[in-house]
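Inside the fold
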Amino acid sequence: MVLKVTVAPELIKGSVDEGYGKVADAFRANFTAGREVGAAVAVYRDGAKVVDLWGGYRNGVTKTPWQHDTVVNMYSTTKGIASLAVAVAASRGLISYDAKVAEYWAEFAQAGKAEVTVRQLLSHQAGLPALDAPLRLADLTDLKKLSAVLAAQAPAWLPGTRHGYHALTLGWYESELIRHADPAARTLGRFFADEVAAPLDLDLYIGLPASVDRDRVAHLHGWPRAEALLHLNTMPTRFAMSLLNPFSLGSKSVNIPNDVDVMKDFNSDEVRRVEMPAANGIGAASSVAKAYGCAATGGSELGLTPGTLEALTQSAVEPSGGVRDRVLHVDSAFSLGYCKPVPHFRFGSTDKAFGTPGYGGSFGFADPDTGVGFGYVMNRLGFHLWSDPRELALRQALFRDVLGVRPQV
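Notes on the structure in this doc start here. (Residues numbered from 1 in each chain as written. Predicted model: local features only at pLDDT ≥ 70, side-chain atom pairs only at ≥ 80, totals over all residues. Heavy atoms only, no water.)

Along the protein chain, the regular secondary structure elements total 13 helices and 12 strands. With the C-alpha coordinates of the protein chain rotated into their principal frame, the extents come out at 55 × 45 × 40 Å. Within the span of the protein chain, comprising 409 residues, buried residues form 60% of the whole. Intrachain contacts of the protein chain at a sequence separation of at least 6 include 70% that bridge at least 24 residues. When the accessible surface of the protein chain is split by element, carbon and sulfur atoms take 53% of a total near 15,200 Å². For the protein chain, the separation between the mean place of its 40 positive charges and that of its 42 negative charges on side chains is 4 Å. (Helix = DSSP H or I, 4+ residues; strand = E, 2+ residues; numbered from the N terminus. Buried < 20%, exposed > 50% of the residue type's maximum accessible area, 1.4 Å probe, protein only. Contact = heavy atoms within 4.5 Å. Areas by Shrake-Rupley, 256 points an atom, 1.4 Å probe, with all protein chains shown as cover. Lys, Arg positive; Asp, Glu negative; His and termini not counted. Charge placed at Lys NZ, Arg CZ, Asp CG, Glu CD.)

Structure, rendered in structure tokens:
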């Protein structure tokens, strides 16, 4: 079974501003119910940190307590953080969302991709969720080889006509876009470190540097594959079934690199060190919330322009063939590297909100209309693709009980 532990009340720490006690109550309740091993949640509102809570165990086996400076892998919550770096590049004129990707990266035009725009690529519409050529963990440090594999891939559908969740490939395509557009030719992880993490003083990394003490990194507690099969009913049915078929688009989209097992290998330092900008961001909940809080209140610290901010808050540009996701097999909405609210996944106070949830249960998002940046991370992996019950309880406590806005689902 996935590890289940008893967490004493004294291991839940942190603070909340007056009026935010309901969030603390929900956080404690998750531990009381045995849903957590270790976790943290943070909220920024109008530029100020109003919630900063952490608790449980950084490692549930050794019973090492989760500390204020504990960091943890957050899987696809990384996508939103990475896409904030792309927004910085757009604000500086390095890229245009409506330009063709090939204008910056000529080799990308291969295999029917010449007309793909940056907007389509970032919105999971390019048809590139899987790779036909083998890609191994060691290849991620060989930028020439990685770039060639990405550029040569043919789309799984006519770009712009459909969309489908690019679970892992999105980050590498974003990185190549940045690397080719940036005069300094930085990878996305390096660009993020210099242009987002440094100005905001974030404890958040895409490609964990040697300078970060590994004793601060939480151990992820996953589950055996046999147990995972018992929880497939928490996922969209057709997506769950596709994961059992190694030839399906869904299965191929999550088995990259081909020698990495998403359920057990993300605790290895080899995986932590490389850049996987869609899946291996490691950081603190307070840093996720701070980054999104910056975006929610104008992004002045990062130099985000009004035009870029407006683009982030606008509704998603739907593909011509409809909003049914070719990978997840549910209706979805993606825009500029982010998820946008849909009826079965409401977050924030209005449709201006943007963010990304992560495999296992983590979530980060910005809600410009309330000035909120939200971040939740944990190390006991759950089974939901979105709205993990632990995270949802925190989000409901914040928006429904504290801010008095519509119910979250």
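With that out of the way, let us pick up helix α5 (residues 169–181). With 13 residues, α5 extends 18 Å from end C-alpha to end C-alpha; this agrees with the ideal 18 Å at 1.5 Å per step. Counting buried positions along α5 yields 12 of 13 residues, so the element is predominantly enclosed. All of the buried residues in α5 are Thr169, Leu170, Gly171, Trp172, Tyr173, Glu174, Ser175, Glu176, Leu177, Ile178, Arg179 and Ala181. (Expected span 1.5 Å × (residues − 1).)

Time to look at the sheet that holds strand β5 (residues 72–73). A sheet is described by the order of its strands in space; here 3 strands give the open sequence β5-β7-β6, paired in antiparallel fashion. Looking at which strands have only one partner, the edges of the open sheet turn out to be β5 and β6 (204–206). Sheet analysis places β6 next to strand β7 (residues 281–283), joined by 3 bridges and oriented antiparallel. Bridged to tyrosine 205 within β7 is isoleucine 282. (Pairing = 2+ DSSP bridges.)

This part covers the pattern of salt bridges. Scanning the entire structure with this criterion turns up 22 salt bridges. A salt bridge links glutamate 195 to arginine 92; the nearest nitrogen and oxygen atoms lie 2.8 Å apart. One end of the pair, glutamate 195, is in helix α6 (residues 188–200); the other, arginine 92, is in the loop between α2 (77–91) and α3 (118–122), and 103 residues separate them in sequence. With relative accessibility at 15%, the residue glutamate 195 sits in the buried group. Of the residues examined, arginine 92 reaches a relative accessible area of 44% and is grouped as partly exposed. The partner of aspartate 194 in a salt bridge is arginine 190, and the shortest N-O contact between them spans 3.1 Å. Separated by 4 residues within a single helix, aspartate 194 and arginine 190 lie in helix α6, roughly one turn from each other. The exposure class of aspartate 194 is partly exposed, given its relative accessible area of 30%. Connected through salt bridges with shared partners, the residues Arg92, Asp182, Arg186, Arg190, Asp194 and Glu195 form a single ionic network. (Salt bridge = Lys/Arg side-chain N within 4 Å of Asp/Glu carboxyl O.)

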